[in-house]
Amino acid sequence: HQTATKDGAVQWELDAESAELEAKTGRMVLKSPKVEFYLDDGGKVYLTAQWGTLFTHNNNIKVRGNVRVVNDRYTLVAETLIYEHAQRRLSTNQPVTITGQAFDLSSAGMTYDLNTNRAQLDGDVRGIVHEKPAI
């Protein structure tokens, strides 16, 4: 279990099935990491993956293998993702899909800003907007 805070506020909490610290590099190799990010508006974003690395000197995290990012509006799926702690940003330059109740999107890459809770899709963006069901 690892927690990152800033000015007394929790930024994220990380749990993993197992963790192995490489003392020389300060890298922590993680199996089945789960990260809960806390947003300024009180919301949360959940990240899961098969493997990960926590860089203890800067709290950056790199994950790979069936990466899923879930919030209250949509689910993002990718093969790899990097979390940059100083910027509170998730990003990948590999294909992603984002699905929500009203849409399905895909792109060649993506940046997700946790400060603003907004995603920017980069390259070969494709999407389907679902018609709102009649009531």
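In case you missed it, the structure is sitting above this.
None of the values given here were measured: they were computed from a predicted structure.

*Asks:* How should I be thinking about the pattern of salt bridges in this particular structure?
*Replies:* Counted by the stated rule, this structure contains five salt bridges. Glu 84 is the partner of Arg 89 in a salt bridge, and the nearest nitrogen-oxygen pair spans 3.0 Å. What makes Arg 89 partly exposed here is its relative accessible area of 27%. Taking the relative accessible area as the measure of exposure, Glu 84 reaches 22% and is therefore partly exposed. Ionic pairing is found between Arg 126 and Asp 124, a salt bridge with its closest N-O pair at 3.2 Å. On the basis of relative accessible area, Arg 126 is assigned to the exposed category, the value being 53%. On the basis of relative accessible area, Asp 124 is assigned to the exposed category, the value being 52%.

*Asks:* Just checking my understanding: could you explain unusual backbone geometry for this structure?
*Replies:* Glycine aside, a negative phi is what most residues show, and trans is what most peptide bonds show. Within the chain, Ser 32 stands out as a residue other than glycine whose phi angle is a positive 55 degrees. Inspection of the secondary structure puts Ser 32 in the loop between β4 (27–31) and β5 (34–38). Positive phi is not limited to glycine here, since Arg 88 has a value of about 50 degrees.

*Asks:* Can you help me understand the side chain of Asn 59 in this one?
*Replies:* Relative to the assigned elements, Asn 59 resides in the loop between β7 (51–55) and β8 (60–70). On the accessibility criterion, Asn 59 (18% relative accessible area) is buried. If we skip the residues at most four places from it in the chain, Asn 59 touches Ala 4, Trp 12, Leu 54, Tyr 83 and His 85.

*Asks:* Help me out: how do you make sense of the pairing of strand β3 (residues 18–22) in this one?
*Replies:* Among the five residues in β3, zero count as buried, and that is only a small part of the element. Pairing analysis gives five bridges linking β3 to β4, with the strands arranged antiparallel. For Glu 22, the partnering residue across the bridge sits in β4 and is Arg 27. Where β3 folds back onto β4 in an antiparallel hairpin, the turn is made up of four residues, including Gly 26, whose phi is positive at roughly 75 degrees.

Rules and cut-offs
Residues numbered from 1 in each chain as written. Predicted model: local features only at pLDDT ≥ 70, side-chain atom pairs only at ≥ 80, totals over all residues. Heavy atoms only, no water. Salt bridge = Lys/Arg side-chain N within 4 Å of Asp/Glu carboxyl O. Buried < 20%, exposed > 50% of the residue type's maximum accessible area, 1.4 Å probe, protein only. Helix = DSSP H or I, 4+ residues; strand = E, 2+ residues; numbered from the N terminus. Contact = heavy atoms within 4.5 Å. Pairing = 2+ DSSP bridges.

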